[in-house]
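Below, each chain spelled out in residue letters.
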Amino acid sequence: TMCETWIASVRSEEKILDALQKGAASYQEYINTHSEDSTAVEELAMMMISTQNYDYAMEALDYGIQQFPKYAQFHVSRFQVLFYYMGNFDVANSYIDSLLQVFPDNETLAYMGFMRNYQFHMMQHEGKIVSMDAIMKPVTNYLERQPKAVNRLFLHKFCKAYLYMNMKTINASKNEKNGIE
């Protein structure tokens, strides 16, 4: 019956939650005795993100940043949680700006800066791309500093293609609304 199915799903969710709690406790116990293991801290943070426990994820990431300040992935993940999951745009905005100063040669952060600029640009200009240069600035700055970066061409072309595809999608949507094919 429907009720039995619901009870089974609740029991299944309870088992999953219990396993996640035990897993998180194991990670925390391990981290307490192996504070030099950045991978364990990162795994704990990713587990918290995947279960939508963003406050705990932030705690794990803050701990990771405190223990491993030069490990950029903790900073990238912290920005993503602030920006994409928690919607704390003001903090995320200033955070990515400071990260781009501290880690100017980090390709992932350059891409995150691009995505931040894109999101803010679209919000400020009612879904229209007004200035590609403003959006591309973090990537352009990175490419100027890293003329021999392995992924240089891919990063630039990917970001530009992302913007062009978005522009085409917006234009196609407008044309569809106006009855133009």
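Rules behind the numbers
- Residues numbered from 1 in each chain as written.
- Predicted model: local features only at pLDDT ≥ 70, side-chain atom pairs only at ≥ 80, totals over all residues.
- Heavy atoms only, no water.
- Helix = DSSP H or I, 4+ residues; strand = E, 2+ residues; numbered from the N terminus.
- Buried < 20%, exposed > 50% of the residue type's maximum accessible area, 1.4 Å probe, protein only.
- Contact = heavy atoms within 4.5 Å.
- Areas by Shrake-Rupley, 256 points an atom, 1.4 Å probe, with all protein chains shown as cover.
- Core = buried A, V, L, I, M, F, W, Y, C linked by side-chain atoms within 4.5 Å.
- Salt bridge = Lys/Arg side-chain N within 4 Å of Asp/Glu carboxyl O.
- pLDDT = per-residue confidence, 0-100.

**Some words on the overall build of the protein**
Next up, step 1: Helix and strand content of the protein: 8 helices and 0 strands.
Next up, step 2: Starting at the N terminus and walking to the C terminus, you meet the elements of the protein as α-α-α-α-α-α-α-α.
Next up, step 3: For the protein, buried positions account for 34% of its 181 residues.
Next up, step 4: For the protein, contacts bridging at least 24 residues in sequence account for 50% of all contacts bridging at least 6.
Next up, step 5: Accessible area of the protein: about 11700 Å², with a carbon and sulfur share of 53%.

**With respect to the nonpolar core**
Next up, step 1: By size, the foremost hydrophobic cluster in this structure holds 32 residues, and its most contacted members are Phe 79, Ile 96 and Leu 109.
Next up, step 2: Contributing elements (two or more residues each) for this core: α1 (2-33), α2 (38-50), α3 (54-67), α4 (72-85), α5 (89-102) and α6 (107-124).
Next up, step 3: If near-sequence neighbours (up to four positions away) are discounted, Phe 79 is found in contact with Tyr 84, Ala 92, Tyr 95, Ile 96, Met 112 and Arg 116.
Next up, step 4: Among the nonpolar cores identified, the runner-up in size contains 16 residues, and Phe 114, Met 115, Met 122 and Ala 149 belong to it.

**Let's talk about the pattern of salt bridges**
Next up, step 1: Per the counting criterion, the structure on display carries 3 salt bridges.
Next up, step 2: With a shortest N-O distance of 2.6 Å, Arg 78 and Asp 62 are connected by a salt bridge. In this pair, Arg 78 is assigned in helix α4 and Asp 62 in helix α3, connecting sequence segments 16 residues apart.
Next up, step 3: A residue is classified by how much of its surface remains accessible, and Asp 62, at 34% relative accessible area, is partly exposed.

**Here we look at the side chain of Ser 38**
Next up, step 1: Within the secondary structure, Ser 38 sits in helix α2.
Next up, step 2: Look past the residues within four positions of Ser 38 in its chain and what remains in contact with it is Phe 68 and Phe 74.

**Focus: the confidence of the model for the protein**
Next up, step 1: Summing up the model confidence of the protein, the mean pLDDT is 81 and the portion of residues at 70 or higher is 82%.
Next up, step 2: Per-residue pLDDT, averaged within each element of the protein, yields its smallest value for α1 (66) and its largest for α3 (92).

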